[in-house]
Amino acid sequence: MKSPYLSAIAALAFLTACADTYSATRLGPDGRPVPVVYRIGPNDAPRIQARMRDGVNAVRAQRGLAQVELNADLTSAAATHARDMSRQSRPWHFGSDGSTPIDRVSRVGYRGQFLGELISETFETELETLTVWMENPETRSILLDPRMREIGFAWHQDQNGKLWWTLTTGAPRDMQRPLG
C-alpha cells in the first residue's frame, strides 16, 4: 500500500509536469528511457523553491500540521551549504570551515529557532528528492516537526548536472508572525 505522503507528492509532481512544456521521452537502444539531466536555469529559482514549499506543505497538511513559508535567511544558509558540499564533493552536514548547520543559520542572521537540515547529492528533481526524504524516518521527522513554520531551500548544480540540495528548517522564536 502506498503511503499517503507519497501519493500527495506524486499528485503534486503530476500537476507540475502538466504545467511544464511537454517533451517526449527518448528511448535508448535497449528500449529503456534515456536518463535526462535535470538542468536548472538562472531564472528557475522562484518556481523550484515554490514547488518544494508546496510539496512540504502537502505532506504536512495530511497530518494536520501548520503550513511553512520560505525564509530568506534560512535559504541563504542553505545556498551556502549547497555550494560548499559541491566544493567538498561530499554530502554531509559540516562545512569546509568546520561549520555546523546552527553556525550557518546564525551567520546569516536567522533570529528564529533552527530545527533541522536536510541534504542530498543527486541528479533528481526537487520533488523526487522530497519523496526520498519522506521515505526515510529520520528525514521525514524533520519535515513533519510540528514546530516548523519556515524553510530555506537552495541548491548548487555542477557542470555535469549533479545537484546538491539543502533544506533548512526553523521556527520563529515567538511562533507569531508580524502583521503586514
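Residues numbered from 1 in each chain as written. Predicted model: local features only at pLDDT ≥ 70, side-chain atom pairs only at ≥ 80, totals over all residues. Heavy atoms only, no water.

(A) Quick look at the overall build of the protein chain. Helix and strand content of the protein chain: six helices and four strands. Going residue by residue from the N terminus, the α and β elements of the protein chain occur as α-α-β-α-α-β-α-α-β-β. In the protein chain, which comprises 180 residues, the share counted as buried stands at 44%. Summing over all exposed atoms, the protein chain offers an accessible surface of approximately 10,300 Å²; the carbon and sulfur share of this is 54%. (Helix = DSSP H or I, 4+ residues; strand = E, 2+ residues; numbered from the N terminus. Buried < 20%, exposed > 50% of the residue type's maximum accessible area, 1.4 Å probe, protein only. Areas by Shrake-Rupley, 256 points an atom, 1.4 Å probe, with all protein chains shown as cover.)

(B) Spatial organisation of the pairing of strand S2 (residues 113–122). Buried residues dominate S2, accounting for seven of its 10 residues. Pairing of S2 with strand S4 (residues 163–171), which is carried by nine bridges, proceeds in the antiparallel orientation. Bridge pairing links Ile119 to Thr166 in S4. (Pairing = 2+ DSSP bridges.)

(C) Expanded view of helix H3 (residues 72–88). Between the first and last C-alpha of H3 there are 24 Å, a value that for 17 residues agrees with the 24 Å anticipated at 1.5 Å per step. For H3, the complete set of buried residues consists of Leu74, Thr75, Ala77, Ala78, Ala79, His81, Ala82, Asp84, Met85, Ser86 and Gln88. Contact partners of the buried residues in H3: helix H2 (45–61), strand S1 (69–70), helix H4 (101–107), S2, strand S3 (150–157) and S4. The backbone nitrogen of Asp73 has a side-chain oxygen 2.8 Å away, supplied by the residue at the start of H3, namely Asn71. (Expected span 1.5 Å × (residues − 1). Contact = heavy atoms within 4.5 Å. Polar contact = N/O pair within 3.5 Å; in protein donor to acceptor, adjacent residues only side chain to side chain.)

(D) Representation of the side chain of Thr169. Structurally, Thr169 is set in strand S4. In this structure, Thr169 is in contact with Leu74, Gln113, Phe114, Leu115, Gly116, Ile142, Met148, Glu150 and Ile151, ignoring residues within four places of it in sequence.

(E) Up close: the sheet that holds S3. Spatially, four strands are ordered S1-S3-S4-S2 in an open sheet, and the strand pairing comes out mixed. Whereas interior strands pair on both sides, the edge strands pair on one side only; in this sheet they are S1 and S2. The strands touched by H3 within the sheet are S1, S2, S3 and S4, with S3 carrying the most contacts at an inclination of about 30°. Strand contacts of helix H5 (residues 126–135): S2, S3 and S4, with the helix running at about 115° to S2, the strand carrying the most contacts. (Axes fitted to C-alpha atoms, helices over the stretch in contact; angles between N-to-C directions.)

(F) Representation of H5. Burial analysis of H5 places seven of its 10 residues in the buried class, which makes it a mostly covered element. Glu126, Leu127, Thr129, Leu130, Thr131, Trp133 and Met134 are the residues of H5 that are buried.

(G) Main features of the packing of H2 against H5. One way to put it is that H2 packs onto H5 with a least axis distance of 9 Å and a crossing angle of 30°. With respect to H5, the element H2 is oriented roughly parallel. Where H2 crosses over H5, the two elements pack in a sense that is right-handed. Residues Ile48, Arg51, Met52, Gly55, Val56 and Val59 of H2 pack against Glu126, Leu127, Leu130, Trp133 and Met134 of H5. Residue composition of the contact of H2 with H5, by class: eight nonpolar, one polar and two charged. (Parallel < 35°, antiparallel > 145°, perpendicular 65-115°, else oblique. Left-handed = near helix turned anticlockwise from the far one by under 90°. Nonpolar A, V, L, I, M, F, W, Y, C, P; charged D, E, K, R; others polar.)

(H) Broad picture of the environment of Gly55. Within the fold, Gly55 resides in helix H2. Relative accessible area serves as the criterion here: at 0%, Gly55 is assigned to the buried category. Measuring from C-alpha to C-alpha, the distance between Gly55 and Thr131 comes to 9.1 Å, with 76 residues separating the pair along the chain.

(I) The arrangement of the environment of Trp165 in detail. Relative to the elements of secondary structure, Trp165 occurs in strand S4. A sequence separation of 42 residues divides Trp165 from Phe123, and the C-alpha atoms of the two residues are 10.0 Å apart. A polar contact is formed between the side chain of Trp165 and the backbone oxygen of Glu124, at a distance of 3.3 Å.

(J) Layout of the nonpolar core. With 25 residues, the main nonpolar core has Val56, Leu130, Trp133, Leu143, Trp165 and Leu167 as its most contacted residues. With near-sequence residues (within four places) excluded, Val56 lies in contact with Val68, Leu130, Leu143, Met148 and Leu167. (Core = buried A, V, L, I, M, F, W, Y, C linked by side-chain atoms within 4.5 Å.)

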